[in-house]
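Fold and geometry: a report
Single-letter residue listing:
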Amino acid sequence: MILEVNNLSLSYGKTEILKNINFKLENPCVCSILGPNGIGKTTLIRSLLGLKEISKGSISLDGVDIRKIDRKSFYSKISYVKQGGKETSIYTALDTVLLGLASRINPLLKPKESDVVLAEQILEELHISHLRDKYVSRLSGGEAQMVFMARALVKNPEILILDEPESNLDYRNQLLILEIIKSLEEKGKLIIFNTHYPDHALRYSKKTLMLRGLDNYVFGDTKEIITKENIENTFRIKAAVGDLKDGENIYRDIVPVSIV
Amino acid sequence: MKNKTEHINIFVGLLLILAPILTAIICLSMGRLNIPITDIINYFKGIEIPAQYRLTIANIRIPRIIATMVVGASLPLAGLIFQSYFSNPLATPDTLGVASGSCFGAALGILLGLNILGIEFTAFIFGVIIVILTGITGMKRSESKQTIILAGIIVGSLFQSLVSFVKFIADTDTQLPSITFFLMGSFQSVGKETLFISVPIVAICIFVIFILRWRINLLTLDGDVVKTMGVNITLLRITVIIAATIITAISIAMAGQVGWVGLIVPHFCRMLVGENHTRLVPFTISIGICFMLIIDTISRTMFAAEIPISVLTSIIGAPFFIYMLRSRGGVKL
């Protein structure tokens with residue numbers, strides 16, 4: 001599956017947010033989107049999801065303009081998880097996940113036994129079977145985020161789009177989400193996620209898109225994009241880049257040092 | 001294990017159907033004239049019973065009981081739908097102003113001398129206008145769930161003054177009394193013709209909501225997320241909001257404004273069965289009917305004169321709601 005963005009421009013009313021954005025992604029791949037607050041990261045992923053109207057240019061899936069794809073078939077290929085903590089559900093985990101199958105379930109009927117099995121399988125896969133009958137509103141932020149991941153994945157989409165999936169989560173929950181993203185890539189999926197953590201992007205994503213405002217952006221292989229220089233230019237800070245050694249492993253880390 | 005839950009489901013389903021029927025039969029027997037239950041059963045079997053009983057059952061009690069059941073199913077169900085639709089636990093036909101709008105429509109209908117179908121229609125039209133007005137005022141560019149209620153109160157009070165205006169220009173000898181009595185809320189004056197028109201329409205709307213009950217769960221999801229579910233959410237929203245508005249309007253055209261039931265019955269059912277509308281919808285209908293039947297029977301049997309329904313529903317509703325707010329850490333949706 002090839003996702004292609006051509007000369008994309010997005011705006012709110014007369015205010016342009018992004019201009020002439022071009023990039024191309026093919027599965028399997030993890031792509032991270034980095035950039036300061038308010039630069040248009042969420043707007044961009046909403047446009048990829050067909051939720052934000054395109055002002056100019058186009059987005060295409062396997063060469064077909066996404067605006068021309070029938071909604072039902074488009075949303076069977078693509079899934080969305082909102083920023084951690086931005087969504088709640090009043091239902092139990094199982095009922096929440098089942099809603100992810102809504103387009104397959106007859107509008108006049110309840111979910112079938114096979115739908116329930118599918119939902120239970122995905123809970124099992126994400127190791128949250130024990131949350132099955134718990135109310136999502138009473139779960140911790142990390143557990144709730146896992147349930148929303150399960151809801152996005154239950155329809156087995158080709159593309160998963162996440163808006164800051166590790167925001168508001170502790171270290172362990174951050175890693176849980178990131179490991180799921182990695183395992184999805186191994187299954188051949190295309191994952192795009194916004195993040196405020198350059199080190200997550202470095203460790204988990206193959207491609208990176210770094211937004212700096214309007215038509216000023218860089219896109220390419222993560223290792224070439226997330227450099228000291230790019231980070232400093234994009235976030236207008238001084239950063240220190242270094243390697244952390246832990247036994248045999250070496251981890252690249254970026255630490256913000258001071259404001260320019 | 002699965003068999004067991006299925007058995008329980010069937011049992012609960014039967015209970016939900018039987019409870020309103022049994023309550024209705026008991027309520028049929030009660031009143032100024034107490035009729036033995038056996039005579040009521042005999043009446044339905046077609047066995048001869050004393051004429052006085054027969055006439056009371058056929059001409060007074062049955063129309064009233066049916067009207068009560070229609071309103072008892074409608075207002076709580078409409079409240080449930082509005083709560084889910086606007087993701088607001090306080091949304092009801094009253095707080096959203098829909099009730100005021102329908103009251104204005106009905107009063108206008110009486111002023112224009114329309115027949116019952118006409119009155120129901122004007123009540124519905126103004127109910128819809130209110131939903132749209134409240135929706136536009138309260139939802140635009142606002143994520144806050146409180147705004148919708150504020151908008152409802154504003155729009156509702158506007159229409160309340162319009163009702164006053166209608167009363168002001170109404171004929172003081174004929175129209176004003178009938179508007180005033182109508183607005184107080186009562187099942188006393190519901191005629192058979194009214195029922196013949198109202199019952200089928202309400203039945204269709206409730207049926208539509210009932211079969212869509214699993215899908216209604218989608219209404220409470222985040223706006224962006226629900227679009228990515230690949231279902232026609234706009235069609236679902238429009239269908240259920242129209243159905244809920246119709247049943248509200250018909251209830252009000254039939255029995256005037258009956259407060260509180262749209263709020264407390266759905267919340268009581270949430271306490272019983274949780275948030276899933278698959279279960280919430282049938283429970284709300286069934287318990288709503290039973291509740292309204294009991295309230296109406298109290299209203300006509302407790303004192304020599306009939307107590308207005310709204311007086312009773314508020315006396316029960318307000319303390320219950322306070323209890324719920326305090327004991328359950330607030331009402332959430």
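Please refer to the structure higher up on the page.
Below or above, wherever it landed, is the structure these notes cover. (Residues numbered from 1 in each chain as written. Chains lettered and ligands numbered in written order. Predicted model: local features only at pLDDT ≥ 70, side-chain atom pairs only at ≥ 80, totals over all residues. Heavy atoms only, no water.)

**Comments concerning the overall build of chain B**
Looking only at helices and strands, chain B features 14 helices and 0 strands. Helices and strands in chain B line up, N terminus first, as α-α-α-α-α-α-α-α-α-α-α-α-α-α. Against the compact-globule benchmark of 20 Å for 333 residues, chain B has a radius of gyration of 20 Å, which places it among compact chains. For chain B, the C-alpha atoms occupy an extent of roughly 65 × 65 × 35 Å along the three principal directions. Working note: accessible area of chain B is about 15,100 Å², and carbon and sulfur atoms make up 70% of it. Across chain B, the 22 positively charged side chains and the 14 negatively charged ones have centroids separated by 9 Å. (Helix = DSSP H or I, 4+ residues; strand = E, 2+ residues; numbered from the N terminus. Rg over C-alpha atoms; globule rule 2.2 N^0.38 Å. Areas by Shrake-Rupley, 256 points an atom, 1.4 Å probe, with all protein chains shown as cover. Lys, Arg positive; Asp, Glu negative; His and termini not counted. Charge placed at Lys NZ, Arg CZ, Asp CG, Glu CD.)

**Let's talk about the environment of Asp-94 of chain B**
Residue and element names in this part refer to chain B. Within the element layout of this structure, Asp-94 appears in the loop between α3 (51-85) and α4 (98-111). On the accessibility criterion, Asp-94 (27% relative accessible area) is partly exposed. Distance from Asp-94 to Leu-263, taken between C-alpha atoms, is 8.8 Å for residues 169 residues apart in sequence. If we ignore the near neighbours within four places in the chain, the residues touching Asp-94 are Ala-99, Gln-257, Val-258, Gly-259 and Trp-260. (Buried < 20%, exposed > 50% of the residue type's maximum accessible area, 1.4 Å probe, protein only. Contact = heavy atoms within 4.5 Å.)

**Regarding the layout of surface pockets**
The calculated volume of the second largest pocket comes to roughly 1,700 Å³. Around the second largest pocket, the lining is made up of 47 residues, and of these Lys-110 of chain A together with Asn-9, Arg-213, Thr-278 and Arg-279 of chain B lie nearest the centre. Secondary structure elements with two or more residues in the lining of the second largest pocket: α3 (93-99) and α4 (113-125) of chain A together with α1 (2-29), α3, α8 (192-211), α9 (213-216) and α13 (277-301) of chain B. A per-class count over the lining of the second largest pocket returns 27 nonpolar, 8 polar and 12 charged. (1 Å grid on protein atoms, 1.4 Å probe; cavity = no way out; pocket = protein on both sides within 12 Å on 5 of 7 lines; lining within 4 Å. Points joined across faces, edges and corners; volume = space filled by probe spheres on them. Nonpolar A, V, L, I, M, F, W, Y, C, P; charged D, E, K, R; others polar.)

**Some details on the interface of chain A and chain B**
Listed by partner, the interface residues are 29 residues for chain A and 25 residues for chain B. Across the chain A/chain B interface, buried area totals approximately 2,400 Å², and carbon plus sulfur atoms make up 63% of it. Of all residues in chain A, the largest losses of buried area upon contact with chain B belong to Ile-90, Tyr-91 and Leu-99 of chain A, amounting jointly to 25% of the total for that side. Scanning the region where chain A abuts chain B turns up 2 salt bridges. Across the salt bridge formed by Asp-224 of chain B and Arg-46 of chain A, the nearest N and O atoms sit 2.6 Å from each other. Here chain A and chain B share 9 residue pairs in polar contact (both at pLDDT 80 or more) between them. Secondary-structure elements contributing two or more residues to the side of chain A that touches chain B are α2 (71-77), β6 (78-81) and α3 of chain A. Residue composition of the side of chain A that touches chain B, grouped by class: 16 nonpolar, 3 polar and 10 charged. (Buried area = accessible area lost by both parts, 1.4 Å probe. Salt bridge = Lys/Arg side-chain N within 4 Å of Asp/Glu carboxyl O. Polar contact = N/O pair within 3.5 Å; in protein donor to acceptor, adjacent residues only side chain to side chain.)

**Description of the nonpolar core**
Within the largest apolar cluster, 178 residues are counted, with the highest numbers of intra-cluster contacts made by Phe-82 and Leu-218 of chain B. Of all hydrophobic cores here, the second largest spans 10 residues; its members include Leu-34, Ala-201, Ile-226 and Ile-231 of chain A. (Core = buried A, V, L, I, M, F, W, Y, C linked by side-chain atoms within 4.5 Å.)

**A word on the pattern of salt bridges**
In the structure shown here, the tally under the stated rule is 15 salt bridges over all chains. A salt bridge links Lys-82 of chain A to Asp-222 of chain B; the shortest N-O distance between them is 2.9 Å. Here Asp-222 of chain B lies in the loop between α9 and α10 (223-227) and Lys-82 of chain A lies in the loop between β6 and α3, a pairing that spans two chains. Considered together, Lys-82 of chain A and Asp-222 of chain B belong to a single accessibility category, that of buried residues. Measuring nitrogen to oxygen at the nearest pair gives 3.0 Å for the salt bridge that ties Arg-270 of chain B to Glu-275 of chain B. No difference in accessibility class separates Arg-270 of chain B from Glu-275 of chain B, as the two residues are buried. A network of salt bridges, in which partner residues are shared, links Arg-64, Asp-296, Arg-300 and Glu-306 of chain B.

**Here's the deal with helix α5 (residues 141-153) of chain A**
The first and last C-alpha atoms of α5 of chain A sit 18 Å apart over 13 residues, in line with the 18 Å expected at 1.5 Å per residue. For α5 of chain A, the tally of buried residues reaches 11 of 13 residues, placing the bulk of the element in the interior. Along α5 of chain A, the residues classified as buried are Gly-142, Ala-144, Gln-145, Met-146, Val-147, Phe-148, Met-149, Ala-150, Arg-151, Ala-152 and Leu-153 of chain A. Residues of α5 of chain A that are buried sit in contact with β6, α3, α4, β7 (159-162) and α6 (171-186) of chain A together with α10 of chain B. (Expected span 1.5 Å × (residues − 1).)

**A short note on the packing of α4 of chain B against helix α6 (residues 146-169) of chain B**
Residue and element names in this part refer to chain B. Where α4 meets α6, the axes come as close as 8 Å, and the angle between the chain directions of the two elements is 15°. Here α4 is positioned roughly parallel relative to α6, judged by the angle of their axes. Of the two possible hands of crossing, α4 and α6 adopt the one that is left-handed. Residues Ser-100, Gly-101, Cys-103, Phe-104, Ala-107, Leu-108 and Leu-111 of α4 lie in contact with α6, whose contacting residues are Gly-156, Phe-159, Gln-160, Leu-162, Val-163, Val-166 and Ile-169. Split into classes, the residues belonging to the contact of α4 with α6 amount to 10 nonpolar, 4 polar and no charged. (Axes fitted to C-alpha atoms, helices over the stretch in contact; angles between N-to-C directions. Parallel < 35°, antiparallel > 145°, perpendicular 65-115°, else oblique. Left-handed = near helix turned anticlockwise from the far one by under 90°.)

**Section: the pairing of strand β9 (residues 207-213) of chain A**
Residues and elements named next belong to chain A. The buried fraction of β9 is high, at 5 of 7 residues. Inspection of the sheet shows strand β3 (residues 29-34) paired to β9 by 4 bridges, in the parallel sense. Bridge pairing in β9 links Ile-33 to Leu-209. Two elements, β9 and strand β10 (residues 216-221), share 6 bridges in a ladder whose sense is antiparallel. Looking across to β10, one finds that Lys-207 is bridged to Asp-221. Counted along the chain from β9 to the antiparallel partner β10, the turn is 2 residues long, and its residue Leu-214 has a positive phi close to 45°. (Pairing = 2+ DSSP bridges.)

**Comments concerning the packing of aromatic side chains**
Counted under the stated rule, the structure contains 10 aromatic pairs over all chains. The structure contains a cluster of three or more aromatic residues connected by ring pairs, namely Phe-104, Phe-126 and Phe-159 of chain B. Here the basic side chain of Lys-52 of chain A rests over the ring of Tyr-12 of chain A, its NZ or CZ set 3.9 Å away from the ring centre. (Phe/Tyr/Trp six-rings, centres within 6.5 Å; stacked < 30°, edge-to-face > 60°. Lys NZ or Arg CZ within 6 Å of the ring centre and 35° of its normal.)

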